[in-house]
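Residues per chain, in single letters:
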2 protein chains.
Amino acid sequence: MHTLHVELGERSYPIYIGRDLLQDAGLLNNHVPGSQVVLVSNETVAPLYMDRLRAALGERSLVTEIILADGEQYKNLDVLAEIFDRVMGDRHSRNTTMVALGGGVVGDITGFAAACYQRGVNFIQVPTTLLAQVDSSVGGKTAVNHPLGKNMIGAFYQPRAVLIDINTLHSLPPREYAAGLAEVIKYGLIRDEPFYRWLQQQMPRLLSRDEAVLAEAIERSCACKAEVVAADEREGGLRAILNLGHTFGHAIETAQGYGNWLHGEAVATGMLIALKLSAQRGWVEAGEVAALRELLLSAGLPVAPPEDMSAAQFIDLMGRDKKVIDGRLRLVLLRAMGEACVVDDVSEEELLALLEPLAS
Amino acid sequence: MHTLHVELGERSYPIYIGRDLLQDAGLLNNHVPGSQVVLVSNETVAPLYMDRLRAALGERSLVTEIILADGEQYKNLDVLAEIFDRVMGDRHSRNTTMVALGGGVVGDITGFAAACYQRGVNFIQVPTTLLAQVDSSVGGKTAVNHPLGKNMIGAFYQPRAVLIDINTLHSLPPREYAAGLAEVIKYGLIRDEPFYRWLQQQMPRLLSRDEAVLAEAIERSCACKAEVVAADEREGGLRAILNLGHTFGHAIETAQGYGNWLHGEAVATGMLIALKLSAQRGWVEAGEVAALRELLLSAGLPVAPPEDMSAAQFIDLMGRDKKVIDGRLRLVLLRAMGEACVVDDVSEEELLALLEPLAS
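As the structure is a prediction and not an experimental result, all values here were calculated from the model.

Conventions we followed
- Residues numbered from 1 in each chain as written.
- Chains lettered and ligands numbered in written order.
- Predicted model: local features only at pLDDT ≥ 70, side-chain atom pairs only at ≥ 80, totals over all residues.
- Heavy atoms only, no water.
- Helix = DSSP H or I, 4+ residues; strand = E, 2+ residues; numbered from the N terminus.
- Rg over C-alpha atoms; globule rule 2.2 N^0.38 Å.
- Buried < 20%, exposed > 50% of the residue type's maximum accessible area, 1.4 Å probe, protein only.
- Contact = heavy atoms within 4.5 Å.
- Areas by Shrake-Rupley, 256 points an atom, 1.4 Å probe, with all protein chains shown as cover.
- Buried area = accessible area lost by both parts, 1.4 Å probe.
- Salt bridge = Lys/Arg side-chain N within 4 Å of Asp/Glu carboxyl O.
- Polar contact = N/O pair within 3.5 Å; in protein donor to acceptor, adjacent residues only side chain to side chain.
- Phe/Tyr/Trp six-rings, centres within 6.5 Å; stacked < 30°, edge-to-face > 60°.
- Lys NZ or Arg CZ within 6 Å of the ring centre and 35° of its normal.
- Expected span 1.5 Å × (residues − 1).
- Arc of directions from axis to C-beta.
- Domains from an automatic or database assignment.
- UniProt positions renumbered as here; feature names shortened; annotations may be inferred.
- Least-squares fit on C-alpha atoms with pLDDT ≥ 70 in both.
- Pairing = 2+ DSSP bridges.
- Axes fitted to C-alpha atoms, helices over the stretch in contact; angles between N-to-C directions.

**Section: the overall build of chain A**
Within chain A one finds 13 helices and eleven strands. Here chain A has a C-alpha radius of gyration of 20 Å; the compact-globule value for 360 residues is 21 Å, and the two agree. If you line up chain A on its principal axes, its C-alpha atoms span 60 × 40 × 35 Å. With 360 residues in all, chain A has 62% of them scored as buried. Partitioning the contacts of chain A with sequence separation of at least 6, the portion at a separation of at least 24 is 75%. Of the roughly 12,500 Å² that chain A leaves accessible, carbon and sulfur atoms contribute 47%.

If you want it as structure tokens, here you go:
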């Protein structure tokens, strides 16, 4: 087992990465102070892993299991209200601990519920998808979606601990696994060129889910995220670079309705668009765009936006993004490979020149 | 104008108390950094004061006015969702400022909306009721109610500034004014016996809304609250004393349905019950119970729970309170006049002995 630390003063917490952590009672119970627990999972993950987690928790005075429907389209205020109904109905006190067992959707909505229930209760992340393990479970961003925009309603709320059991990845469907790889690739692109080059070489072994290569990829991804979050918890500056590809990606997700494109798929396409824009500005070589396209394709990720999305629709949806400040769109681009920057000077003309050829 | 400061490190903020602050453009605009503003009020307060606030804000690129229905029963997740729909629909960025103009309900729900919208935007409190001015606008507690319990879903989220314009109190209906006085009296009881004695003397002038006495009462109340909040922002300890009378009071509010008893009315009755329990334990003289009863009556406040509430119903509802930790009910009592303490050793028998004679 490897342990990383997210350094946030009194809100610091450990990330444990290893095998069979789900059934590690000692590890889990170190971070569950009271006798009450709320376990939140979804209908896909719960049948596979809930029993192990439940057994590891041992005897408790009150355990509520909440099984959500599976999918991004359920990460909304209505489902959040259902969670509150269950937790209130069972009379959980402010000393309860909410545990998210599942992917990013479960983690985001459970974390937001934990942030709001009685103005904040203990929270533990047990991510079971690659995407959640390398991205959404680390850093304290919690949220639900609004029909007009993704993650628009939420809180910065740090977990007490993150338990990453890499065994859970063996049950992950290939499409979701690939979606997680998109975020892994992102860390190389924004901050760590050697990691990116390593990923280009190791992709075949990553795709075969070689445990040693996988553990290394997760650890380097989490370390990158932990550093960025420690430097900028509430996204005042640096943290924005984690959104490479996300503004384009969110537009795709919103246009298609949540759940049709996976988040990682939309981010993959978004990253490629961002790299194209970076190349259009002369910051990276055109060959890098082709190489990223190839890497994404080899990972089984989409490299073009949906055919029915127009450039105008992109621009409209991006105008609703959280990264818009006082009317100016902020985009993450690459100043060089492994070096992200945030720009707010992209004109509508530049966007049209970029997006119109894509919307064929 | 007087200025108090709530000292919370980087979350510190000023409380301004004075006349005609609503139309003080300089004061307001010092705390509204961007060009976008969301003004939230209710159908009672908006016709009286919204124009002044709107004028003070001057030219802005985007101003959204949201007028809520008036009443505690509208402080819920559904109305919160309506606020998000409006703010999203108008495309407010994370640099927007949400301003709450109204009483505690408007302040609580607007503050919670500001805490959650894009994971947190600027927030300003402009409380127009006595209760909101001395209590709910100061300290960063925001929330909505759940059908099974009051303020169960919320966040600690500090405003950038609190503007208390005492002129607004002249339009306040007597019943709501009295409800605010309950919280003023609370500060004397929990922490400041000289203030309590002063209030016993000054009640006639307070009831006639003498501006000098009123300004003094508001300032001493806010100063007390600011001190307690600075010492314990997230209610780990000391802050709990601010809940004198609230556990009994919330039970009354929940039993009666939100909006039938005003919060301050329920707190008044709750404080009297808490003082009775303190006297029952020999901590304060029985004469103080009679004196508080007289003070509350003179202020026009209720001094007995609803006739149809049984002791069993009280105990059941109190079991759902946020102050319950791992099954133990925590109550604020008075160790002496002007000196609150928190106890968790009140038995069901002691509660029955206290509550059964009240439920006649």
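**Let's talk about the interface of chain A and chain B**
In this complex, chain A contributes 41 residues to the contact, which on the side of chain B involves 41 residues. Around 3,500 Å² of area is buried between chain A and chain B when both sides are counted, 52% of it from carbon and sulfur atoms. Contact with chain B buries area across many residues of chain A, yet Met88, Arg91 and Arg119 of chain A alone supply 24% of it, more than any other trio. The tally of links from chain A across to chain B stands at four salt bridges. For Asp316 of chain A, the salt bridge identified is with Arg91 of chain B, shortest N-O distance 2.5 Å. Where chain A touches chain B, the interface holds ten residue pairs in polar contact (both at pLDDT 80 or more). For the side of chain A that touches chain B, the elements supplying multiple residues, two or more each, are α3 (77-89), α4 (104-116), β7 (141-146) and β8 (149-156) of chain A.

**Looking at the packing of aromatic side chains**
Tallied over the full model, the rule gives four aromatic pairs over all chains. Summarising the aromatic geometry, the rings of Phe248 of chain A and Phe314 of chain A are spaced 6.5 Å apart at their centres and angled 65 degrees between planes, so their arrangement reads as edge-to-face. Of this pair, Phe248 of chain A sits in helix α9 (residues 246-256) while Phe314 of chain A is found in helix α12 (residues 311-318), placing the two residues 66 residues apart along the sequence. For Phe248 of chain A, a relative accessible area of 1% corresponds to the buried category. Judged by its relative accessible area of 2%, Phe314 of chain A is buried. Note on Phe195 of chain B and Trp198 of chain B: the rings are 5.8 Å apart at their centroids and 25 degrees apart in plane angle, and the pair reads as stacked. Note that Phe195 of chain B and Trp198 of chain B are positioned in helix α7 (residues 193-207) at a spacing of three residues, about one turn of the helix. Residue classification places Trp198 of chain B among the buried positions, given a relative accessible area of 17%. For Lys186 of chain A, the ring lying beneath its charged end belongs to Tyr187 of chain A, and the centroid distance is 4.9 Å.

**Details of helix α2 (residues 46-57) of chain B**
Residue and element names in this part refer to chain B. Given a rise of 1.5 Å per residue, twelve residues ought to cover 16 Å, and the 15 Å separating the end C-alpha atoms of α2 matches this to within 8%. Ala46, Tyr49, Met50, Leu53, Ala56 and Leu57 are the residues of α2 that are buried. Looking straight down α2, one finds its buried side chains confined to an arc of 130 degrees; they lie on one side. What points out from α2, more than 90 degrees from its buried face, is the exposed set Pro47, Asp51 and Ala55. Along its buried surface, α2 packs onto α1 (25-29), β3 (36-42), β4 (62-68), β5 (97-102) and β6 (122-127).

**Section: unusual backbone geometry**
All names here are of chain B. A positive phi is found at Asn151, a non-glycine position, where the angle reads about 55 degrees. In this structure, Asn151 sits in strand β8 (residues 149-156). Exposure remark for Asn151: the relative accessible area of 9% places this residue in the buried category. Of note in this structure, Arg209 is not a glycine but carries a positive phi near 60 degrees. Here Arg209 shows up in the loop between α7 and α8 (211-231). Judged by its relative accessible area of 15%, Arg209 falls in the buried class.

**Let's talk about the side chain of Glu350 of chain A**
All names here are of chain A. Inspection of the secondary structure assignment puts Glu350 in helix α13 (residues 348-355). Separated by 2.7 Å, the side chains of Glu350 and Arg281 make a polar contact. When residues no more than four places from it in sequence are discounted, the contact partners of Glu350 are Leu277, Gln280, Arg281 and Asp345.

**Points about the domain arrangement of chain A**
Residues and elements named next belong to chain A. Per the domain assignment, the segments of chain A are domain 1 (2-171) and domain 2 (174-355). Put simply, the middle of domain 1 and the middle of domain 2, counted by C-alpha atoms, are 25 Å apart. Listed by partner, the interface residues are 37 residues for domain 1 and 37 residues for domain 2. Contact between domain 1 and domain 2 buries roughly 3,300 Å² in total, counting both sides, with carbon and sulfur atoms accounting for 62%. Taken together, domain 1 and domain 2 are joined by five salt bridges.

**A word on the UniProt feature "binding site: Zn(2+)" (unreviewed entry) in chain A**
Residue and element names in this part refer to chain A. What UniProt calls "binding site: Zn(2+)" (unreviewed entry) maps, in this numbering, to Glu183, His246 and His263. Across 81 residues, the annotated set stays spatially compact, with a maximum C-alpha separation of 10.3 Å. Turning to its location among the elements, Glu183 is positioned in helix α6 (residues 174-191). Each residue touching Glu183, except ones within four places of it in the same chain, is listed here: Leu131, Val134, Asp135, His246, His263 and Val267. Residue placement: His246 occurs in helix α9. The residues touching His246, leaving out its near neighbours within four places in the chain, are Glu183, Lys186, His263 and Val267.

**Here we look at the relation of the copies chain A and chain B**
Least-squares fitting of chain A to chain B yields an RMSD of 0.0 Å, with the superposition described by an axial translation of 0.0 Å and a rotation of 180 degrees. Here the symmetry operator amounts to a two-fold rotation axis. Of all interface residues in chain A, 100% are interface residues in chain B too; the two copies therefore contact each other through one and the same surface.

**Observations concerning the pattern of salt bridges**
Residue and element names in this part refer to chain A. With the rule as written, the count across this model stands at 42 salt bridges over all chains. Note that Asp192 and Arg220 form a salt bridge whose closest N and O atoms lie 3.7 Å from each other. One end of the pair, Asp192, is in the loop between α6 and α7 (193-207); the other, Arg220, is in helix α8 (residues 211-231), with 28 residues separating them in the sequence. In this structure Asp192 comes out as partly exposed when scored by relative accessible area, which is 22%. Arg328 serves as the salt-bridge partner of Asp344, at 3.5 Å between the closest nitrogen and oxygen.

**A look at the sheet that holds β3 of chain B**
Residues and elements named next belong to chain B. Pairing within the open sheet is mixed, and its seven strands lie in the order β1-β2-β9-β6-β5-β3-β4. The sheet terminates laterally at β1 (2-6) and β4, the two strands that pair on one side only. The mean inter-strand angle of the sheet, taken between neighbouring strand axes irrespective of direction, is 15 degrees. With four bridges connecting them, β3 and β5 associate as parallel partners. The residue of β5 that forms the bridge with Val38 is Met98. The strands touched by α8 are β1, β2 (13-18) and β9 (161-165); relative to β1, the strand with the most contacts, the crossing angle is about 15 degrees.

**Notes on the pairing of strand β11 (residues 339-343) of chain B**
All names here are of chain B. Pairing of strand β10 (residues 331-336) with β11 involves five bridges; the strand directions are antiparallel. Bridged to Leu333 within β11 is Cys341. The hairpin turn running from β10 into β11, its antiparallel successor, is two residues long, and Gly338 in that turn takes a positive phi close to 80 degrees.

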